[in-house]
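Analysis of the macromolecular model
Each chain, written out:
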Amino acid sequence: MGNRGMEELIPLVNRLQDALSSVGQSCSLHLPQIAVVGGQSAGKSSVLENFVGRDFLPRGSGVVTRRPLILQLLSGNSEHGEFLHCKGKKFTDFDEIRKEIEVETCRVTGSNKGISPVPINLRIYSPHVLNLTLVDLPGITKVPVGDQPADIEYQIRDMIMQYICKENCLILAVTPANTDLANSDALKLAKDVDPQGQRTIGVITKLDLMDEGTDAREILENRLLPLRRGYIGVVNRSQKDIDGKKDIKAALLAEQKFFLSHPAYKHMAENMGTPYLQRILNQQLTNHIRDTLPAFRSHLQSQLLALNKEAEEYRQYSPDDPARRTKTMLQLVQRLAVDFEKLIEGSGDKVDTVNLSGGAKINRIFHERFPYELVKLESDERKLRQEINYAIRNIHGVRTGLFTPDMAFEAIVKKQVSRLKGPCTKFVDMVSQELLSTVHQCIGKLSSFPKLQEETERIVTTEIQEQESKCRDQIMLLIDIQLAYINTKHEDFIGFTNAQHAHNQNNKKNAAAMAGNQGVGLLSSLIVIRKGWLTISNIGIMKGGAKEYWFILTAESLSWFKDDEEKEKKYMLPLDNLKLRDVEKGFMSSKFVFAIFNTELRNVYKDYKCLELACDSQEELDSWKASLLQAGVYPEKVTGNGAENFSDPQLERQVETIRNLVDSYMTIIYKTVKDLMPKTIMHLMINSVKEFISSELLAQLYALGECSALMDESPEQQKHREEVLCKHAALKEALTVIGKISTSTCTTPMPPPVDSSWIQPSSNALPKKSATSGKPVARGHAPSVPRVPAHTGPTAAQSVDGLQQPAGQPTRAPPSVPRRHPPPIPNVK
């Protein structure tokens, strides 16, 4: 009956299946098994029933097996069956087992010949079986019937492929002797996934139904149409025997008699028949299991190691202990405070290399977004000059003024300072939203306790809103302070005399640029402000189309190169007279675009009046705008129909003087605001919220008076905790089971290779052409391995992730599911 020590390995696998069934597919273990493949009426079901010695499988015409049946045969003292979907129920009547298979099949597939990849798990105990694990798959059919779709043949093939393409699945290819073996569907499918024949065993059925004077001797001797593992012949009961309720034991005796008495087979009768097939399969399966045990153990150990810390925490947690609940809440709040501070202040451990943290985003708002908003505030030249003009003339009234009125300067300055309230309010809102987002990110870790999470989020959000209101009031106060007194004695203010001098030099723009770019000297062209990839998106297709380049921005120019090696420069664009403007995002585009153009209407690049540059995110767009702003390239201002034409030269000089004075004073204001706003927000909002979370939050939670209720676990968390503990225990049990088994037993060597080129892989077959269209219908790859509900056990559809090639097996490429084409769908009139 085979190697007794090795036979013990199959119960090991079955115990592993039991241990791991509670954790479903999450263990990703691919347990060895034997898949039975063949066409309709090839005798697959009869072979399985002969193994068990009882009638228990549904019979009939057409596709009877419509769901995969995972059959575990276990040697035992009593004879009964158990279904995984009917836990605890023993079926001693095999007619009931047949009915249960039919009912469970119809429950999923319906009663009109439909199919499903979801398996049925059946375990049969009997003193008359060897320990085998087999998968009975639907027979390959050619013609759809009932509710079956037009491509039923290819759906069944794909379903079969999900099982037989796995490296540690042995293929039992069943073919009737009274058909052409060279055209066997089972052998073609096996050849697709096992071209070397290392895991394919041929089974020839219906030897007693061959035409008189013919036999399969040369095939069974593996001389004609050879397979590497050879063939085993069996004789099943005929339909007449089944209808007549012929006993399987009698059928096995008749099978033995047939081989012993047949002149073509009697010399190899001991290597033929169902009992011999059982022993061979058992030996091959145990060899296979023995080879894969080291990989099983390694994979289980890695999973156990990953779960150890979490399982230990859950094991110590007692949901009903008030002291434990209080301690857990304290730890969670402390962890929240630490996480929030790390996200705001930055941390060297567990650095996020994918996204910016809350503190980094707030820093970007401080030094990129807010300065850019201030620059956008600058009025267009025409409008500002017009306002100064009207202010001077309104102050003079009916009189003609001889001197420049300082009241006009003060009125314009106050108006400009008042306009700062909008950007400053927006600034507070941006920082507040980022704080809320950061807090939400931290509080998300409290999701195991929904009530605690909800109350914590409510309390902290309320605090942020209160601090935001205080901060907004303080910022409005700072602006009101600036409005209260216009300090024309400020050391950086140019005064009336210098304003006149600036007008005479006509160098206002350069002075403003120098004020905005401190320390820029003769070597400014060498100072790199920013580097990065941008796409020039407005180049026509005839000229090469949009293309990505490596851009370098300095204080004097914008250059771009072919790539980031910076060897092949494409162009260098001076920044003089350049402005930037926003470009609307295209309907189908995912890019964020801005444009650079020359204020003197000159071409900026070849014959292009503007250069549209695209980047991948709004964040990158804002960053480039801020960098260009630093280099002196300001946003576009709407200039209307041109500057105001003055008929009075004296009025024009007065407007120019006040214009220079306003520029000088607003430069001081902008510098002050850019310095004070981040400091105010940092003090009143960020630091206050940080202090509140670390010192006040816990007290407010205790003040609610329902600490115990706050620590109620969510149903999802309870389930997750139970699953982790269950999985941890299952993995430990599985490793314990493996550790008790010695794998030092002998194994049967692999037979030498044979020439199997006579089998044409089924993937080479061309699809039939449609009678209506004359074209084959294209079909993609086979679907992925079916996802099986947890109650169907881990054997059904597990992946091979994490497993290595078993020791002792030749290296071979992993199989893939071949492409196939479905038959055309017929026109229904």
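The text that follows walks through the structure, step by step, so that each part is easy to find. (Residues numbered from 1 in each chain as written. Predicted model: local features only at pLDDT ≥ 70, side-chain atom pairs only at ≥ 80, totals over all residues. Heavy atoms only, no water.)

Points about the overall build of the protein chain
Rules: Each helix is a run of DSSP H or I of at least 4 residues and each strand a run of E of at least 2, with the numbering of both proceeding from the N terminus. Remark: exposure states derive from per-residue accessible area (1.4 Å probe, protein chains only) relative to the maximum for the residue type, with buried under 20%, exposed over 50%, and partly exposed in between. Contacts are assigned to residue pairs with any non-hydrogen atoms lying within 4.5 Å of each other.
Scanning the protein chain for helices and strands turns up 23 helices and 16 strands. In the protein chain, which comprises 829 residues, the proportion classed as buried is 48%. Taking the contacts inside the protein chain whose residues are at least 6 apart along the sequence as the reference set, 78% of them involve residues at least 24 apart.

Some points on unusual backbone geometry
Its identity is not glycine, yet K206 carries a phi of approximately 60°, on the positive side. Assignment of secondary structure puts K206 in the loop between strand 7 (200–205) and helix 7 (217–220). With a phi angle near 55°, K606 is a residue other than glycine that sits in the positive phi range. Note that K606 resides in the loop between strand 14 (592–598) and strand 15 (610–615).

Focus on the pairing of strand 14
This is how it is decided: Two strands qualify as a pair provided that DSSP identifies no fewer than 2 bridges between them.
Burial analysis of strand 14 places 6 of its 7 residues in the buried class, the great majority of the element. In this sheet, strand 14 lies alongside strand 13 (residues 578–583) in antiparallel orientation, the contact comprising 6 bridges. Opposite V583, over in strand 14, you have V593 as the bridge partner. By the bridge criterion, 6 bridges tie strand 14 to strand 15 in an arrangement that is antiparallel. When the sheet's bridge partners are listed, F592 is paired in strand 15 with C615.

Looking at the sheet that holds strand 1 (residues 33–38)
The following threshold applies: Geometry is summarised by axes, namely lines fitted to C-alpha atoms with helices restricted to the contacting stretch, and by angles between N-to-C directions that run from 0 to 180 degrees.
Across the sheet, which stays open at both edges, the 8 strands sit in the order 3-4-2-5-1-6-7-8 with mixed pairing between neighbours. The open sheet has two edge strands with one neighbour each: strand 3 (80–83) and strand 8 (231–233). Averaged over all adjacent pairs, the angle separating strand axes in this sheet is 25°, with direction ignored. Examined bridge by bridge, strand 1 and strand 6 (residues 169–176) share 6 bridges and lie parallel to one another.

A closer look at the sheet that holds strand 10 (residues 547–554)
Backbone-to-backbone hydrogen bonds pair the strands of a sheet. The strands run either parallel or antiparallel. Spatially, 8 strands are ordered 12-11-10-9-15-14-13-16 in an open sheet, and the strand pairing comes out mixed. Every interior strand has two partners, whereas the edge strands, strand 12 (569–574) and strand 16 (634–635), have only one. Direction of pairing for strand 10 relative to strand 11 (residues 557–561): antiparallel, over a ladder of 4 bridges. From the neighbouring strand, W550 faces strand 11, where its bridge partner is F561. Its contacts with the sheet put helix 19 (residues 618–630) on strand 9 (528–536), strand 10, strand 13, strand 14, strand 15 and strand 16, and the angle it makes with strand 9 is roughly 130°.

Things to note about the packing of helix 13 (residues 381–396) against helix 20 (residues 649–695)
For any two helices packed against each other, one specifies the inter-axial angle together with the distance between the axes. Cut-off, in case you're wondering: Crossing chirality is assigned from the near helix's rotation relative to the far helix, an anticlockwise turn below a right angle marking it left-handed and a clockwise turn marking it right-handed. Charged means Asp, Glu, Lys or Arg here, nonpolar means Ala, Val, Leu, Ile, Met, Phe, Trp, Tyr, Cys or Pro, and polar covers whatever is left, Gly included.
With their axes 10 Å apart at the nearest point, helix 13 and helix 20 run at an angle of 115° to one another. Crossing geometry of helix 13 relative to helix 20 is assigned as right-handed. Counted together, E381, L384, R385, I388, N389, I392, R393 and H396 of helix 13 and L651, Q654, V655, E656, I658 and R659 of helix 20 form the full contact between these two elements. For the contact of helix 13 with helix 20, a count of residues per class yields 6 nonpolar, 3 polar and 5 charged.

Observations regarding the pairing of strand 10
In terms of burial, strand 10 is a largely internal element, 6 of the 8 residues being buried. With 8 bridges joining them, strand 9 and strand 10 adopt antiparallel strand pairing. By the bridge assignment for strand 10, W533 is matched with W550. Hairpin connection between strand 10 and strand 11: a loop of 2 residues separates the two successive antiparallel strands.

What about the nonpolar core?
Side chains of nonpolar character tend, in soluble globular proteins, to be buried together. Let me state the cut-off plainly: Residues grouped as a nonpolar core are buried Ala, Val, Leu, Ile, Met, Phe, Trp, Tyr and Cys residues, joined through side-chain atoms within 4.5 Å.
Counting 71 residues, the largest nonpolar core has I681 and I693 as its most contacted members. In terms of residue count, helix 20 provides more of this core than any other element does, 18 residues in total. If sequence neighbours within four positions are ignored, I681 has contacts with F366, F427, V428, V431, C471, I475 and I686. Counting residues in each nonpolar core, the second largest holds 44 residues, with V37, I171, A190 and F258 among its members.

Let's talk about the pattern of salt bridges
As a working rule, side chains carrying opposite charge can pair if their charged atoms are close by. Our working rule: The rule for a salt bridge is simple: a side-chain nitrogen of Lys or Arg has to be within 4 Å of a carboxyl oxygen of Asp or Glu.
According to the stated counting rule, one finds 29 salt bridges in the structure shown. Salt-bridge contacts for K415 lead to E387; the nearest nitrogen and oxygen are separated by 3.0 Å. Residue K415 is found in helix 14 (residues 406–418), and its partner E387 is found in helix 13; the two are separated by 28 residues along the sequence. Look at K415 and you get partly exposed, because its relative accessible area is 43%.

Description of the side chain of Q467
Note the cut-off: Polar contact is the term for a pair of N or O atoms within 3.5 Å; when the atoms are in protein, one must be able to donate a hydrogen and the other to accept it, and sequence-neighboring residues count only if both atoms are side-chain atoms.
Checked against the element boundaries, Q467 lands in helix 16 (residues 450–484). Side chain to side chain, Q467 and E463 meet in a polar contact 2.9 Å long. Beyond its immediate sequence surroundings of up to four residues, Q467 is in contact with L684, M685, S688 and V689.

Here's the deal with the packing of aromatic side chains
Condition: Centres within 6.5 Å make a pair out of two Phe, Tyr or Trp rings, where for Trp the six-membered ring is used; the pair is then stacked when the planes are under 30 degrees apart, edge-to-face when over 60, and tilted otherwise. In this scheme, the term charge over a ring applies when either NZ of a lysine or CZ of an arginine sits within 6 Å of the ring centre and within 35 degrees of the ring normal.
By the definition in use, this model includes 15 aromatic pairs. Ring centres of F493 and Y665 lie 5.8 Å apart, and the angle between their planes is 80°; on these two criteria the pair is classed as edge-to-face. Pair noted here: F493 is in the loop between helix 16 and helix 17 (495–505) and Y665 is in helix 20, with a separation of 172 residues, a long-range link. Across the pair, exposure class does not vary: F493 and Y665 are buried alike. Through a chain of ring-to-ring contacts, three or more aromatic side chains come together here, namely F551, W560, Y571, Y605 and Y608. Here R530 stacks its cationic end above the ring of W624, 4.8 Å away from the centre of that ring. Residue placement shows R581 over the ring face of F597; its charged tip is 4.6 Å from the ring centre.

Re the packing of helix 11 (residues 322–345) against helix 15 (residues 421–443)
Keep this limit in mind: Note on angle classes: values under 35 degrees are labelled roughly parallel, values over 145 roughly antiparallel, values of 65 to 115 roughly perpendicular, and the remainder oblique.
Look at helix 11 against helix 15: their axes get within 9 Å of each other, and the N-to-C directions meet at 140°. Taken together, helix 11 and helix 15 sit at an angle that is classed as oblique. For helix 11 against helix 15, the interelement crossing comes out right-handed. Of the residues in helix 15, those touching helix 11 at L336, D339, F340, L343 and I344 are L435, T438, V439, Q441, C442 and I443. Its residues placed into classes, the contact of helix 11 with helix 15 shows 8 nonpolar, 2 polar and 1 charged.

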